[in-house]
Amino acid sequence: MAFYHCSIKTSKDKKGNFIPGKKHADYINREGEYKDYDNKVGLAHAEYINREKDFARQEFLRKHGQCVYKANKLPKWAKGNPSEFFKSADVYGRKNKASYREFELALQEELTLEQNIEIVNTILNKYEYFQDKYYAVAIHDKQAALDSNKQQIHCHIMVSDKMIDDIEKTNERPPEQFFKTYCRVNTDKGGAKVDRYFSKDNFGKNLTHFRKYYCDVTNAVFRKYGIDKTIDHKSLKMQREEALRNGDYVRAEILNRPAEQYIGTIASYDKNDPTVQKLLEKRAYIAERTNLILAASETEKNIKDTILIDKINSSIKEANDVIDERCNTLESKVADISILKNDILFLLNQIKETSKDVLSFEEAKALAKYDLMTKDEKALTNKLLNFNQKSIELQNKIVNTDNDKIRQQLDNELEKTNKAISALKVQLRPTNKKFTQSAFKAKVTKKANYLLLENAPLREKLELLKDKLDVQTANLKQILKENIINLPAQSYSAKEVKTILDNLVIDVKNSFEYKQQEYKSLASRVISPQRAREMAYNVATNHKYRELKEAKRLVAKEKIKLEQEAKPFINQVEYVQKFDDSSLLNQAKLQLQPYITKYQELNVKEQDIFAKFNELEAFINSPEQQEKIQSIIEGILTKNSPIKYQYDTLREQISSLKTELKELKNLSVGVNNQVRLDKNTNFKYSIKLQTGTTSVANISGGSMSSSDTIKLLAQAFNGVEGAIPLVAKIDEQTDEVLDYKHLNIVDKRAKRSNAILKEFS
């Protein structure tokens, strides 16, 4: 795996003691005789990094690795020897001042030595700090302490902070002058100037800048050689926050873990050390967790692909059904139908063409695998695809031919083709096995995600076309519904009004139920300000806020459960207290005691949680954290605003549909009464062209829709005063047009009585 490590050290150890430069030069260059140094000088670092003399022993090399590359940029008097240069820095430089600065950089096991050297040389040749400095470089390669299957290749760069100025470039100073203190007044007599780039005041800012540059160079080399890896100088927490901002929730969840604790080089070689064992267990757990998250992400992507395909197929089927139903018989009579039909056919064609280019996750994985294959593997895969296609074509020909002789020839050819397919599958087994390995799985997934990201605009276009198709289909259905009855006639019987009104009730009810389901499914995705605040608290406290809140809830739950379990024993104590029997009382108290002890423990635990919660709240309420939390809240709510808008829109639509459904159901009462009154009659009803007239009636197919006409007639049947004058009553037998008069309950009963008397008279 790609590994990040970048540190900068000076010539002082952890205790603040001065480490001579010659010692460190011997150390990194594996030179010098370590055993010959006295206690003050210690290990020669230059010899160490070059793996020479004592540091060339096999036992030492096994632990610390071999020096596989050396380079330097030194003055002529050093004769290419870093130990000589840094020994002079120790002797002639200011006492107890840093005689060198060391850069330790992790290099990458996925790269060759030459490619890793390219990283080092790019940094030395292009990073400004190194341009005017003398330095020594050594690359070490060793087996990883905690994993025998991995290598830890790394680089040491020893640099003098003394700058190579114009005087040094023209005429090199001797060592006793070069390391002398810089003199502003007489620069010729003084030593070289010290670069303050990594001084105490600038160290933090410039260290971050250098680490970013080192990561950028490494990642550029990865890309150059087609290796799907990256390293990052930012902390896990910062990387996770960045992933959340970018909407990469899978990466954010993978990064949601504490950083690995450094246990030191010496400790890492003892596999029986509990700390080492714990670290290895943690690594195995993180690897397993990462694989599970990636597997869950792949499943989710496949589900989304299926849902999208189902939605598109459903939209296409509905559009085709509407067109096939009555559109062809009516489009000559209504121009809007013809226009909408053409729009739908155009959209269907666009969806068909766009669908060809939209990648599913499985297709993206297949392309990613193909891209990661070798030239030979690709050739075999292409052959297999061609033979598979040929097999399908032969099977179709066999099914469609009636000639026995030709069928026999095709059968023989199909058998040969299938044998070739089997042979190619055997040849591709190593390739398929390769892609089951974790490293290749990760490469395929990352490449597939990149392809899906590139393909996202086409997927969005397809979804937009599907939405447009749904809208146009709905518009066509509405026009068809309005014109199916309007075109052949201009009036409605009460029974027809009832039928259409019932259909309207069903349509509105279906829309209402569909919107409600959509509303419920969306509700869990809407983030309220309170929920956003809690999410921000969790992010700001690295999830401690949620953990404490959950702990508080669990303690409260345990206390309630304990109270319920102890209740029979409490009742028993209260009951025994009524009798003067100390033995029974003691026995009852003894049975109750474990519950009391447990309850006291829970109280202590609860108080501890409350104390931690108060500390956490104090931390959260600090001005600095509040500003950070507010920024996170705004980010969450802004990201969630499209869902919130959709949620609010749905709520308004549901409220409107609910009101409409209630209104339609109420109208059904009067319509049913009118149907009973008009039984065995020839009455029909229409909307008047002009209000107040009694001789002219018209079904308003121009400005009013069919559903509006039906609603208006239903309102009249229910006695709505504003609707009654607008309705005309037509006798189909005589063609007589009359004003509609709404009958109240008394009138209806009287009318029924008259009808009965007339029948028996």
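This structure is a prediction, so every number in the text was calculated from the model and none was measured.

This paragraph deals with helix H19 (residues 494-523). Helix length check: H19 (30 residues) gives 42 Å between terminal C-alpha atoms against 44 Å at 1.5 Å per residue, within 8%. For H19, the full list of buried residues reads Ala494, Val497, Ile500, Leu501, Leu504, Val505, Val508, Phe512 and Leu522.

This part is about the sheet that holds strand E7 (residues 727-731). Pairing within the open sheet is antiparallel, and its three strands lie in the order E6-E7-E8. Across the chains shown, the open sheet's two edge strands, defined by having one partner strand only, are strand E6 (683-687) and strand E8 (736-739). Geometrically, the sheet is characterised by an average inter-axis angle of 35° between neighbouring strands, direction not taken into account. The pairing of E6 with E7 spans five bridges and is antiparallel. Its bridge partner lying in E7, Tyr685 is registered against Lys729.

What follows covers unusual backbone geometry. Positive phi, normally seen in glycine, also occurs at Lys79, with a value near 55°. Inspection of the secondary structure assignment puts Lys79 in the loop between strand E2 (66-73) and helix H4 (82-92). Assessed through its relative accessible area of 75%, Lys79 is described here as exposed. Positive phi values are uncommon outside glycine, yet His543 reaches one of about 75°. Note that His543 resides in the loop between helix H20 (529-540) and helix H21 (544-576).

To continue, consider the packing of aromatic side chains. Inspection of the entire model under this criterion finds 32 aromatic pairs. Centre to centre, the rings of Phe85 and Phe178 are 6.4 Å apart; their planes meet at 55°, and the pair counts as tilted. You can see Phe85 sitting in helix H4 and its partner Phe178 sitting in helix H7 (residues 175-178), a full 93 residues away along the chain. Phe178 carries the same exposure label as Phe85, and that label is buried. A centroid spacing of 5.1 Å and a plane angle of 65° characterise the contact between Phe103 and Phe210, whose relative ring orientation is edge-to-face. Separated by 107 residues along the polypeptide, Phe103 in strand E3 (residues 101-106) and Phe210 in helix H8 (residues 203-224) bring together distant segments of the chain. This pair shows no difference in class: Phe103 is buried, exactly as Phe210 is. What links up through ring pairs into an aromatic cluster is the set Phe103, Tyr127, Tyr129, Phe130, Tyr135, Tyr197, Phe198, Phe203, Phe210 and Tyr213. Sitting over the ring of Tyr129, Lys133 keeps its end group 4.4 Å from the ring centre.

Let us now look at the confidence of the model for the chain. The predicted model of the chain has a mean per-residue pLDDT of 78, with 74% of residues at 70 or higher. Every residue in residues 33-45 scores below 50 in pLDDT, and together they form 40 contacts with partners more than four places removed in sequence or on other chains. Note on residues 484-489: pLDDT is under 50 here. Beyond four places in sequence and across chains, it has 13 contacts.

As a rule of thumb, soluble globular proteins bury nonpolar side chains together. In terms of nonpolar packing, the biggest core is built from 32 residues, with Phe103, Ile123, Phe130, Ile157 and Phe210 touching the most fellow members. Those elements that provide at least two residues to this core are strand E1 (6-10), E3, helix H5 (113-126), strand E4 (135-143), strand E5 (151-159) and H8. By residue number, the principal contributor to this core is H8, which donates seven residues. Non-local contacts of Phe130, meaning those with residues more than four positions away in its chain, are made with Lys73, Phe103, Ile123, Leu124, Tyr135, Ile157, Val159 and Phe210. With 27 residues, the next largest nonpolar core counts Leu667, Tyr685, Ala716 and Phe717 among its residues.

As a further point, take the pattern of salt bridges. A side chain with one charge may pair with a side chain of the opposite charge, provided their charged atoms come close. One pass over the full model with this rule turns up 24 salt bridges. With its nearest N and O atoms 2.8 Å apart, the salt bridge here joins Arg173 to Asp165. In this structure Arg173 comes out as buried when scored by relative accessible area, which is 3%. Ionic pairing is found between Lys356 and Glu353, a salt bridge with its closest N-O pair at 3.4 Å. Of this pair, Lys356 and Glu353 both sit in helix H13 (residues 335-357), three residues apart, which is roughly one turn of that helix.

On to the side chain of Thr541. Take Thr541: it is sitting in the loop between H20 and H21. According to the relative accessible area criterion, Thr541 is buried, its value standing at 5%. Polar contacts involving the side chain of Thr541 include one to the main-chain carbonyl oxygen of Tyr537, which spans 2.6 Å. Within the local environment of Thr541, its side chain forms a polar contact with the backbone nitrogen of Tyr545, the two atoms lying 3.1 Å apart.

For the pair H5 and H8, the least separation of the axes is 10 Å and the interaxial angle reads 140°. Here H8 runs oblique to H5, going by the angle between their axes. As H5 packs across H8, the resulting crossing turns out to be right-handed. Residues Gln115, Glu118, Ile119, Thr122, Ile123 and Lys126 of H5 pack against Phe210, Tyr213, Tyr214, Val217, Thr218, Val221 and Lys224 of H8. Considering only residue class, the contact of H5 with H8 consists of seven nonpolar, three polar and three charged.

Moving on to the packing of H21 against helix H22 (residues 582-620). Axis separation between H21 and H22 bottoms out at 9 Å; the angle between their running directions is 160°. Here H21 is positioned roughly antiparallel relative to H22, judged by the angle of their axes. Between H21 and H22 lies a crossing whose hand is left-handed. Residue composition of the contact of H21 with H22, grouped by class: 22 nonpolar, three polar and 12 charged.

Rules used in this analysis
Residues numbered from 1 in each chain as written. Predicted model: local features only at pLDDT ≥ 70, side-chain atom pairs only at ≥ 80, totals over all residues. Heavy atoms only, no water. Helix = DSSP H or I, 4+ residues; strand = E, 2+ residues; numbered from the N terminus. Expected span 1.5 Å × (residues − 1). Buried < 20%, exposed > 50% of the residue type's maximum accessible area, 1.4 Å probe, protein only. Pairing = 2+ DSSP bridges. Axes fitted to C-alpha atoms, helices over the stretch in contact; angles between N-to-C directions. Phe/Tyr/Trp six-rings, centres within 6.5 Å; stacked < 30°, edge-to-face > 60°. Lys NZ or Arg CZ within 6 Å of the ring centre and 35° of its normal. pLDDT = per-residue confidence, 0-100. Contact = heavy atoms within 4.5 Å. Core = buried A, V, L, I, M, F, W, Y, C linked by side-chain atoms within 4.5 Å. Salt bridge = Lys/Arg side-chain N within 4 Å of Asp/Glu carboxyl O. Polar contact = N/O pair within 3.5 Å; in protein donor to acceptor, adjacent residues only side chain to side chain. Parallel < 35°, antiparallel > 145°, perpendicular 65-115°, else oblique. Left-handed = near helix turned anticlockwise from the far one by under 90°. Nonpolar A, V, L, I, M, F, W, Y, C, P; charged D, E, K, R; others polar.

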